[in-house]
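# Analysis of the macromolecular model
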Amino acid sequence: INNIHYNIPRNKCYQIPLGKDKKKYKNKILKIIKKLKINLIIPTVDEELEFYSKNLKSISLVPDYSFVKTFNDKLLAYQSLYVNKIKQPMIFDSKRVNKSNNYPAICKPKYGRGSRGIVIIKNYKEYSKLKSQYLHIDKKYILQKYINGTEYSIQMIADLNGKLKYIVPVMIILKKGITIEAVTSKDHSIIKFCKNFHKKYKPSCVYNIQLIKNKKNIYCIEINP
């Protein structure tokens, strides 16, 4: 293989600032784009998506800014799904959580990915212990009803104008933070749910929907821009 010479440039690597350091990150990225004459960017990190959708949408394979802004924040996402009547697990106000709440519940960061920082709470005793560990739980976390069922991760592909082109439902078999094993599925109820979601938001480019399906309903648990 080393003796084969391809008529394409070699891959280049650049060390860049973290996405949360917005000014330094922006300056470095713009320099690299200009130097290499880049005409297509595929962002893969949540913290960077808002930057690309807001500043470099014309060359970035990323949904619209308002969509990214909403669904990068799990509380804003919940509120938006509620307004648009998309079925989802209910969230609890931590000030009103008591022994009579329906457990189990799930505590997750408002901003997060890969199941980091997620805790399943089985009863009020576990919730009390958790609340003593996490300060400002209302500002950084949300408490949501835990739904048991089969998880689906659906890849949604639209064109630059938001016209839906493909839906690829994937049924999760094994997951440890990230998906380990899964199979594609032609579950028509899942496809119908996703078509309805896209019809209401019409985002452009590529995004991901995560659903839980049980005998009663299909619930939207996550939108990944």
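For the structure itself, look to the data block above.
Cut-off values and rules
- Note that residues are indexed from 1 along each chain, following the sequence as it is written.
- Given that the model is predicted, a residue must reach a pLDDT of at least 70 before its local features are reported, and side-chain atom pairs must reach 80 or more before they are shown or counted; all residues, however, enter totals for whole chains, interfaces and linings.
- Note that the side-chain values use all heavy atoms of the structure and ignore hydrogens as well as water.
- In what follows, salt bridge is the name for a side-chain nitrogen of Lys or Arg lying within 4 Å of a carboxyl oxygen of Asp or Glu.
- Each helix corresponds to a stretch of at least 4 residues labelled H or I by DSSP, and each strand to a stretch of at least 2 residues labelled E; elements are numbered beginning at the N terminus.
- Each residue is placed in one exposure class: buried if its accessible area under a 1.4 Å probe, protein chains only, is under 20% of its type's maximum, exposed if it is over 50%, and partly exposed if it falls in between.
- Two strands are counted as paired when DSSP detects at least two bridges linking them.
- By nonpolar core is meant a set of buried Ala, Val, Leu, Ile, Met, Phe, Trp, Tyr and Cys residues that side-chain atoms within 4.5 Å join together.
- Note on contacts: a residue pair qualifies if any of its non-hydrogen atoms lie within 4.5 Å across the two residues.
- Between N-to-C directions, angles cover 0 to 180 degrees, with each direction set by a line fitted to C-alpha atoms, over the stretch in contact for helices.
- Here is the rule: rings of Phe, Tyr and Trp (six-membered ring for Trp) pair when centre to centre is within 6.5 Å. Planes less than 30 degrees apart are stacked, more than 60 are edge-to-face, and the remainder are tilted.

### Observations regarding the pattern of salt bridges
Under the criterion given, the structure shown has five salt bridges. Residue lysine 74 pairs with glutamate 222 through a salt bridge whose shortest N-O separation is 3.1 Å. Highlighted residues: lysine 74 in helix α4 (residues 74–83) and glutamate 222 in strand β9 (residues 218–224), separated in sequence by 148 residues. The class of lysine 74 is buried, set by a relative accessible area of 10%. The salt bridge partner of lysine 213 is aspartate 187, with a shortest N-O separation of 2.8 Å. Residue lysine 213 is found in strand β8 (residues 206–213), and its partner aspartate 187 is found in the loop between β7 (178–184) and α7 (188–201); the two are separated by 26 residues along the sequence. Of the residues examined, lysine 213 reaches a relative accessible area of 26% and is grouped as partly exposed. Of the residues examined, aspartate 187 reaches a relative accessible area of 16% and is grouped as buried.

### Some remarks on the sheet that holds strand β2 (residues 105–109)
In space, the four strands of this open sheet follow the order β1-β4-β2-β3, with antiparallel pairing throughout. Strands with a single pairing partner mark the edges of an open sheet, and in this sheet they are β1 (91–92) and β3 (119–121). As paired strands, β2 and strand β4 (residues 141–145) are joined by five bridges and run antiparallel to one another. Bridging from a neighbouring strand, lysine 108 pairs with isoleucine 142 of β4.

### Details of the nonpolar core
Ranked by internal contacts, the top residues of the largest apolar core, which has 21 residues, are Ile154, Phe197, Ile209 and Leu211. At the level of secondary structure, the elements contributing two or more residues to this core comprise α3 (65–71), α4, β5 (150–158), α7, β8 and β9. Top contributing element to this core by residue count: α7, with six residues. The residues contacting phenylalanine 197, other than those within four sequence positions of it, are Phe67, Phe71, Leu81, Ile86, Tyr207, Ile209 and Ile223. Within the second largest apolar cluster, 11 residues are counted, among which are Tyr25, Ile29, Ile41 and Val62.

### Some words on the sheet that holds β5
If you trace the five strands from one edge of the open sheet to the other, you get β7-β6-β5-β8-β9, paired in antiparallel fashion. The sheet is open, and its two edges are formed by β7 and β9, each paired on a single side. Strand-to-strand twist in this sheet, taken as the mean axis angle between neighbours without regard to direction, amounts to 35 degrees. Direction of pairing for strand β6 (residues 164–176) relative to β7: antiparallel, over a ladder of six bridges. Its bridge partner lying in β7, valine 170 is registered against threonine 184. The sheet contacts of α7 involve β5, β6, β8 and β9, and relative to β8 the element is tilted by about 130 degrees.

### Here we look at the pairing of β9
The element β9 is largely enclosed, with a buried count of five among its seven residues. Counting the residues in the hairpin turn of β8 and β9 gives four residues.

### Re the packing of aromatic side chains
As enumerated under the stated definition, the model contains 11 aromatic pairs in all. Here the aromatic rings of phenylalanine 67 and phenylalanine 71 are separated by 4.8 Å at their centres, their planes lie at 50 degrees, and the arrangement is tilted. Note that phenylalanine 67 and phenylalanine 71 are positioned in helix α3 at a spacing of four residues, about one turn of the helix. Aromatic side chains phenylalanine 67 and tyrosine 201 sit 6.1 Å apart centroid to centroid with 70 degrees between the ring planes, which places their arrangement in the edge-to-face category. Separated by 134 residues along the polypeptide, phenylalanine 67 in helix α3 and tyrosine 201 in helix α7 bring together distant segments of the chain. Grouping residues by exposure puts phenylalanine 67 and tyrosine 201 together as buried. Within the aromatic cluster, the residues linked to one another by ring pairs are Phe67, Phe71, Phe197, Tyr201 and Tyr207.

These figures capture arrangement, not role.
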